[in-house]
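A structural walkthrough
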Amino acid sequence: MDAMIQVRDLRKTYQMGEIDVPALRGVSFQIRRGEFVAIMGPSGSGKSTLMNLLGCLDTPSGGQYLLDGLPVEQLDRNLLAAVRNRKIGFVFQQFNLLPRQSALENVALPLVYLGGVSAEERRLRAQAVLEQVGLGERTHHRPKELSGGQQQRVAIARALITQPALLLADEPTGNLDSTSSAEILTLFEQLNGQGITVVLVTHDPDVAAHAARVLTVRDGLIAGDASAQRQPVNGVVPAVDTVRLRQRPSVVRRSAPKRRSI
Ligand code: ADP
Ligand code: MG
């Protein structure tokens, strides 16, 4: 199996002074390269904890995590940072953009951290990913001069600039109106169609419906793992990816929303 993510008995307990808070109590699953998976569950069930572990932003208290075949818990800090920078793009609910920097500067930032990329190449690559997310005309705008949906697209462009194989998004549409949410989800579908593995946390079933598979987290454990309904073609049930590719419209670049939320 071509696994992007393999976790086994993954655990995380936070220490709050004298008190242990068991946020993840042993989860095991695999995600194949090219999958689009939604993670659902009630508030406090451990979704963000799981995403932070999958994104190598935090270390587990126990269990194993193979990221693209690499045993994450055995990597030293430097190697872990390198793996995170090269393989993973992260998108957050709050966008986390630097307010005084332009869209272009925000997007180019991961290349500054990566090092070895000239200023001119950083600018060209940032311009290219901003065009990819439909913001080629907005490169010099600061975050506050953009709508919420546009800010999230800047954040997605920032996640894409290192050409990650895995895109992790924690409630990416949580702060967006329904029109902007739909645009962001279309963008995730397009990126998934290009081969990027997408894992998205949401508590909105309409958002989760865009994914081919839904993992449900409850009380720090996996409570469900459901694949989308697959229709047999000539008596054969094709792989999920085949169905999704067939159903996906050819690349649609939507015009920027006119509405400004800020
Ligand atoms: P979700 O994203 O599903 O809402 P979280 O992963 O944020 O859930 O939280 C899971 C549990 O872990 C909750 O009980 C939460 O209070 C606790 N928790 C999360 N982060 C921390 C932290 N940094 N320190 C202590 N407890 C935490
Ligand atoms: Mg959360």
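**Some details on the overall build of the chain**
On a plain count of helices and strands, the chain comes out with eight helices and 10 strands. Within the span of the chain, comprising 262 residues, buried residues form 40% of the whole. For the chain, the proportion of contacts with a sequence separation of at least 24, taken over those separated by at least 6, is 71%.

**So, the environment of leucine 185**
Among the structural elements, leucine 185 can be located in helix α6 (residues 178-193). For leucine 185, a count of 20 C-beta atoms within 10 Å gives the class buried. In this structure, leucine 185 is in contact with Thr173, Val207 and His210, ignoring residues within four places of it in sequence.

**Observations regarding helix α3 (residues 103-114)**
By the burial criterion, the buried members of α3 are Ala103, Leu104, Asn106, Val107, Ala108, Pro110 and Leu111. Packing partners of the buried residues in α3 comprise α2 (77-87), α4 (119-132) and α5 (148-160). Positive phi appears at glycine 115, one or two residues downstream of α3, with a value of about 80 degrees.

**Regarding the site of ligand 1**
As a structural note, the neighbourhood of ligand 1 is formed by Tyr14, Met16, Val21, Ala23, Gly41, Ser43, Gly44, Ser45, Gly46, Lys47, Ser48 and Thr49. Listing elements by their share of the shell around ligand 1, those giving two or more residues are β1 (3-16), β2 (19-32) and α1 (47-54). Top contributing element to the shell around ligand 1 by residue count: α1, with three residues. Grouping the amino acids of the shell around ligand 1 by side-chain chemistry returns four nonpolar, seven polar and one charged.

**What about the sheet that holds strand β10 (residues 221-227)?**
Two strands in a sheet stick together by hydrogen bonds in their backbones, pointing the same way (parallel) or opposite ways (antiparallel). Read across the open sheet, the six strands follow the order β6-β7-β8-β3-β9-β10; overall the sheet is mixed. Of all the strands in the sheet, just β6 (88-92) and β10 have a single pairing partner and so form its edges. Direction aside, neighbouring strands of the sheet carry axes that sit 15 degrees apart on average. The sheet contact formed by strand β7 (residues 166-170) and strand β8 (residues 197-201) spans five bridges and is parallel.

**Thoughts on the sheet that holds strand β5 (residues 70-71)**
Read across the open sheet, the four strands follow the order β2-β1-β4-β5; overall the sheet is antiparallel. At either end of the open sheet lies a strand with only one pairing partner, and these are β2 and β5. Across two bridges, the pairing between strand β4 (residues 62-67) and β5 is antiparallel. The residue bridging leucine 67 from the neighbouring strand is leucine 70, located in β5.

**A closer look at the pairing of β2**
It is a general feature of regular strands that their side chains alternate between the two faces of the sheet. Pairing analysis gives 11 bridges linking β1 to β2, with the strands arranged antiparallel. By the bridge assignment, alanine 3 is partnered in β2 with arginine 32. Between β1 and β2, which follow one another and run antiparallel, lie two residues, and glycine 17 among them has a positive phi close to 60 degrees.

**Here we look at unusual backbone geometry**
It is generally the case that most residues other than glycine have a negative phi and that most peptide bonds are trans. Of note, the phi angle at aspartate 9 is positive, near 55 degrees, even though the residue is not glycine. Take aspartate 9: it is sitting in strand β1. Here the phi dihedral of glutamine 163 falls at roughly 55 degrees; this positive angle occurs in a residue that is not glycine. Here glutamine 163 lies in the loop between α5 and β7.

**Here we look at the confidence of the model for the chain**
Looking at the chain as a whole, its pLDDT mean stands at 88, while 87% of the residues score no less than 70. When the elements of the chain are averaged for pLDDT, helix α8 (residues 240-247) gives the smallest value, 41, and β8 the largest, 98. Within the model, the stretch residues 237-262 combines pLDDT values under 50 with 35 contacts to residues more than four positions away or in other chains.

What counts and what doesn't
- Residues numbered from 1 in each chain as written.
- Chains lettered and ligands numbered in written order.
- Predicted model: local features only at pLDDT ≥ 70, side-chain atom pairs only at ≥ 80, totals over all residues.
- Helix = DSSP H or I, 4+ residues; strand = E, 2+ residues; numbered from the N terminus.
- Buried ≥ 20, exposed ≤ 12 C-beta atoms within 10 Å, placed from the backbone.
- Contact = placed C-beta atoms within 7 Å.
- Near = placed C-beta within 6 Å.
- Nonpolar A, V, L, I, M, F, W, Y, C, P; charged D, E, K, R; others polar.
- Pairing = 2+ DSSP bridges.
- Axes fitted to C-alpha atoms, helices over the stretch in contact; angles between N-to-C directions.
- pLDDT = per-residue confidence, 0-100.

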